[in-house]
Amino acid sequence: VEICCSSCPQSYHQKCLPPHARELKKNWICSWHYCSQCNRGVADVGGMLIHCLECPSALCYDCFPPNFRRVYPDERFWLEMKKRGWNTSPQKMIFFKCNSCRTLEEQQ
């Protein structure tokens, strides 16, 4: 089952969401829209959040750990975002893989 964000074209498997989001049925705003550390929104952090490529997690520049590395989505990612109505590009968004996603990837 996929859960769709009410504010952007992102959708997530229900099992991949944090526990508090799994119970919601209708309007849910994914954590791509606020920093997962300090809870500040995009407008409060200068208009830019750094997003995890694999899960609904984002960090502001102030909270971004220096040991995280930027990752670059392939062309399919950008095409899918455009199909879902989000006109964005690699110049407008920055991505990383959070510790949880990196750990999950290493276990597979």
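Since this is a predicted model, take the numbers as computed values, not measurements. (Residues numbered from 1 in each chain as written. Predicted model: local features only at pLDDT ≥ 70, side-chain atom pairs only at ≥ 80, totals over all residues. Heavy atoms only, no water.)

Chemist: Please explain the nonpolar core as it appears in this structure.
Modeler: Side chains of nonpolar character tend, in soluble globular proteins, to be buried together. By size, the foremost hydrophobic cluster in this structure holds 13 residues, and its most contacted members are L49, C52, F96 and C98. Mapped by element, the contributors of at least two residues to this core are strand 3 (50-52) and strand 4 (58-59). Apart from the residues lying within four places of it in its own chain, the contact partners of C52 are W32, S57, F95, F96, K97, C98 and C101. (Core = buried A, V, L, I, M, F, W, Y, C linked by side-chain atoms within 4.5 Å. Buried < 20%, exposed > 50% of the residue type's maximum accessible area, 1.4 Å probe, protein only. Helix = DSSP H or I, 4+ residues; strand = E, 2+ residues; numbered from the N terminus. Contact = heavy atoms within 4.5 Å.)

Chemist: Looking at this structure, how should I read the layout of surface pockets?
Modeler: Any space left empty among the atoms is revealed by the rolling of a water-sized probe across them. Roughly 940 Å³ of volume is contained in the largest pocket. For the largest pocket, the lining is made up of 37 residues, of which L53, E54, C55, P56 and C101 are closest to its centre. Listing elements by their share of the lining of the largest pocket, those giving two or more residues are strand 2 (11-13), helix 2 (75-83) and helix 3 (99-107). Here the lining of the largest pocket gets five residues from one element, more than from any other, and that element is helix 3. Residues belonging to the lining of the largest pocket are distributed by class as follows: 19 nonpolar, ten polar and eight charged. (1 Å grid on protein atoms, 1.4 Å probe; cavity = no way out; pocket = protein on both sides within 12 Å on 5 of 7 lines; lining within 4 Å. Points joined across faces, edges and corners; volume = space filled by probe spheres on them. Nonpolar A, V, L, I, M, F, W, Y, C, P; charged D, E, K, R; others polar.)

Chemist: Explain the sheet that holds strand 3 here, please?
Modeler: Backbone-to-backbone hydrogen bonds join strands into a sheet, with any given pair of strands oriented parallel or antiparallel. The mixed open sheet is built from four strands, whose spatial order is 4-3-6-5. The outermost strands of the open sheet, each flanked by one partner alone, are strand 4 and strand 5 (70-71). Sheet topology places strand 3 next to strand 4; two bridges connect them, and they run antiparallel. From the neighbouring strand, I50 faces strand 4, where its bridge partner is L59. (Pairing = 2+ DSSP bridges.)

Chemist: Please explain the confidence of the model for the chain as it appears in this structure.
Modeler: Parts of the prediction with low pLDDT should not have their coordinates interpreted in detail. Chain-level statistics for the chain give a pLDDT mean of 83 and a share of 90% at 70 or above. Confidence scores differ between elements of the chain, with helix 1 (residues 19-22) showing the lowest mean pLDDT of 62 and strand 4 the highest of 93. (pLDDT = per-residue confidence, 0-100.)

Chemist: I'm lost on the packing of aromatic side chains in this one. Help?
Modeler: Centre distance and the angle of the planes are the two values used to describe a pair of aromatic rings. On inspection of all chains with the given rule, the structure shows eight aromatic pairs. When the ring of F77 is compared with that of F95, the centres are 5.1 Å apart and the planes differ by 80°; the resulting orientation is edge-to-face. You can see F77 sitting in helix 2 and its partner F95 sitting in strand 6 (residues 94-96), a full 18 residues away along the chain. Ring pairs connect the aromatic residues W32, F77, W78, W86 and F95, which therefore count as one cluster. (Phe/Tyr/Trp six-rings, centres within 6.5 Å; stacked < 30°, edge-to-face > 60°.)

Chemist: Would you mind going over the pattern of salt bridges with me for this structure?
Modeler: A side chain of one charge can pair with a side chain of the opposite charge when the charged atoms of the two come close. All chains considered together, the criterion is met by five salt bridges. Look at the salt bridges and you will find they share partners, linking E80, K83 and R84 into a network. (Salt bridge = Lys/Arg side-chain N within 4 Å of Asp/Glu carboxyl O.)

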